[in-house]
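Structural features, examined
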Amino acid sequence: MNEVLRALYETCPKLTTAYIKDVLGLHDDRAIRVAEITGGISRDEADMLSDVVREVKPIHSLEVGLGYGFSAIAICDAAYQDAPGRRHIVIDPHQTEFAKLFRDLRRDA
Ligand SMILES: C[S@@+](CC[C@H](N)C(=O)[O-])C[C@H]1O[C@@H](n2cnc3c(N)ncnc32)[C@H](O)[C@@H]1O
């Protein structure tokens, strides 16, 4: 696993209940499952994502929901990242809130 991603998994604070309910709009069992994930996807999912990208070798990829960027790092770290024309595009309408949340959680930790 990418060293930056590994460090993020060890230091990144978990999502707050308020963020999960108010921003992500989750109120049922999914809210509980999301709360257990640090930042976004699990380590196993990050490894799997890198494996899939290496296998599929997309020239362009689009990620809906950047969050802390765990999956973006996993995707961009995949072995063929230097392929000509390779581009990973991310969109997230809540990125400003996410950045503030991350900053506040780190400050309070
Ligand atoms: C679980 S987090 C992202 C995890 C991220 N892919 C990762 O692995 O680190 C889900 C993200 O989806 C974003 N999101 C919620 N609704 C969205 C929408 N309609 N379009 C794009 N992103 C959205 C949230 O702001 C949040 O950052």
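Everything here concerns the structure above.
Residues numbered from 1 in each chain as written. Predicted model: local features only at pLDDT ≥ 70, side-chain atom pairs only at ≥ 80, totals over all residues.

**With respect to the overall build of the chain**
If you tally the helices and strands in the chain, you get 6 helices and 2 strands. Listing each helix as α and each strand as β along the chain from the N terminus yields α-α-α-α-β-α-β-α. A separation threshold of at least 6 residues defines the contact pool for the chain, and within that pool the share at least 24 residues apart is 71%. (Helix = DSSP H or I, 4+ residues; strand = E, 2+ residues; numbered from the N terminus. Contact = placed C-beta atoms within 7 Å.)

**Points about the environment of Ile73**
Within the element layout of this structure, Ile73 appears in helix α5 (residues 70-76). Between the C-alpha atoms of Ile73 and Asn2, which are 71 residues apart in sequence, the distance is 8.0 Å. Residues within four places of Ile73 in sequence aside, it is in contact with Asn2, Val4 and Leu5.

**Focus on the nonpolar core**
Counting residues in each nonpolar core, the largest one holds 9 residues, listed as Leu5, Ala46, Leu49, Val53, Phe70, Ala72, Ala74, Ile75 and Ala78. Those elements giving two or more residues to this core turn out to be α4 (43-56) and α5. With 4 residues, the single largest contributor to this core is α5. Those residues in contact with Ile75 that sit more than four places away from it in its chain are Leu49, Val53, Ser61, Glu63 and His88. (Core = buried A, V, L, I, M, F, W, Y, C linked by C-beta atoms within 7 Å. Buried ≥ 20, exposed ≤ 12 C-beta atoms within 10 Å, placed from the backbone.)

**Let's talk about the site of the ligand**
In the neighbourhood of the ligand, 16 residues make up the surrounding shell, with Gly40, Gly65, Gly67, Ser71 and His94 lying closest. Of the residues belonging to the shell around the ligand, the class tally is 8 nonpolar, 7 polar and 1 charged. (Near = placed C-beta within 6 Å. Nonpolar A, V, L, I, M, F, W, Y, C, P; charged D, E, K, R; others polar.)

**Side note on the pairing of strand β1 (residues 60-64)**
Taken across its 5 residues, β1 has 0 buried, putting it largely on the surface. Where β1 meets strand β2 (residues 87-91), 5 bridges bridge the pair, whose relative direction is parallel. In the sheet register, Val64 faces β2, and the bridge partner there is Ile91. (Pairing = 2+ DSSP bridges.)

**As for α4**
With 14 residues, α4 should reach 20 Å at 1.5 Å per residue; the first-to-last C-alpha distance of 20 Å fits that figure. Where α4 is concerned, the buried positions are Ala46, Leu49, Ser50 and Val53. Burial along α4 is one-sided: seen end-on, the buried residues are contained in an arc of 95 degrees. Exposed residues pointing more than 90 degrees away from the buried face of α4 are listed as Asp44, Glu55 and Val56. In this structure, the buried side of α4 is in contact with α1 (3-11) and α5. At the C-terminal side of α4, Lys57 shows a positive phi close to 55 degrees. (Expected span 1.5 Å × (residues − 1). Arc of directions from axis to C-beta.)

**Some remarks on the environment of Arg54**
Along the chain, Arg54 turns up in helix α4. Arg54 sits 23 residues away from Asp77 along the chain, and the two C-alpha atoms are 9.4 Å apart.

**Digging into the environment of Asn2**
For Asn2, the position within the fold is in the segment before α1. Setting aside chain neighbours within four positions, we find Asn2 in contact with Ile73 and Asp77.

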